[in-house]
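The chain contents come next:
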Amino acid sequence: MRADVQWKLCWENELQLSDHVNLAEFFRKTYGPTGAFNAKPFQGSQSWAGARPELRAIAYDSIGVAAHLGLLRRFIKVDGVDLLVAELGLYGVRPDLEGLGIAHSIQVMLPTLQKFQVPFAFGTVRPELRKHIERFGRHSPLTVVSQVSVRSTLPHARIDLPPTRVEDPLVIIMPIGQPISAWPAGTMIDRNGPEL
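Rules behind the numbers
Residues numbered from 1 in each chain as written. Predicted model: local features only at pLDDT ≥ 70, side-chain atom pairs only at ≥ 80, totals over all residues. Heavy atoms only, no water. Helix = DSSP H or I, 4+ residues; strand = E, 2+ residues; numbered from the N terminus. Contact = heavy atoms within 4.5 Å. Polar contact = N/O pair within 3.5 Å; in protein donor to acceptor, adjacent residues only side chain to side chain. Phe/Tyr/Trp six-rings, centres within 6.5 Å; stacked < 30°, edge-to-face > 60°. Buried < 20%, exposed > 50% of the residue type's maximum accessible area, 1.4 Å probe, protein only. Lys NZ or Arg CZ within 6 Å of the ring centre and 35° of its normal.

As a further point, take the environment of V65. With respect to the helices and strands, the residue V65 is situated in strand β3 (residues 65–78). Other than its neighbours up to four places away in sequence, V65 contacts N22, L23, F26, I58, A59, Y60 and R94.

Rendered as structure tokens:
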């Protein structure tokens with residue numbers, strides 16, 4: 001990790017308008033190269049795409065925002081079993097800092113996850129990120145699960161689309177307060193809200 005990068009944990013209500021503007025620009029530049037649609041939610045000062053995080057780990061350097069990871073506590077259902085998780089999402093690293101990865105952001109967030117006393121951290125990523133996530137998982141208690149469908153609500157109710165969508169992403173599970181063996185078996189996760 002570059003020595004000039006400083007991580008900061010920020011509760012959502014601590015962010016100023018200028019923070020949201022800078023984060024929105026960061027996400028447009030970070031997510032835009034993966035497709036214009038991925039950058040679209042971050043117009044103006046909107047620094048979230050679906051559900052709004054309650055806590056953010058933000059890395060800054062002399063240029064500005066260097067990396068980001070959001071957290072939202074919520075109940076999900078795994079084949080109908082209610083489960084409290086800390087959902088992790090809105091992950092991004094500025095392209096010029098590719099070595100500054102999810103491992104660093106998780107390490108910054110870990111003491112907070114432990115303080116929240118949640119049984120698990122949970123997140124989803126595109127299948128194309130499998131090698132990246134598995135590389136990180138070699139040095140952590142992270143488990144990557146495939147062949148699980150995740151149902152989420154759309155961020156905005158629309159009359160031209162169903163209110164939910166089902167995807168088959170990679171599911172990332174990290175034990176926090178319980179062992180991975182306590183994660184319920186199942187092939188359908190209901191997020192009960194929009195993706196973080």
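From this point, the narrative continues.
On to the side chain of D61, then. If you trace the backbone, D61 turns up in the loop between β2 (55–60) and β3. From its side chain, D61 meets the backbone nitrogen of I63 in a polar contact 2.9 Å long. Within the structure, D61 has its side chain in polar contact with the side chain of R94 (distance 2.6 Å).

On to the packing of aromatic side chains. One pass over the full model with this rule turns up 7 aromatic pairs. Pairing F120 with W183 gives two aromatic rings, centres 5.2 Å apart and planes at 85 degrees, and the pair type is edge-to-face. Residue F120 is found in strand β5 (residues 120–125), and its partner W183 is found in the loop between β9 (170–175) and β10 (188–190); the two are separated by 63 residues along the sequence. The two residues F120 and W183 agree in class, both being buried. Following the ring pairs from residue to residue traces out a cluster consisting of F26, F27, Y31 and F42. Directly above the aromatic system of W48 lies the positively charged group of R52, at a separation of 3.9 Å from the ring centroid. Cation over ring: R73 sits above F116, and NZ or CZ is 3.7 Å from the ring centre.

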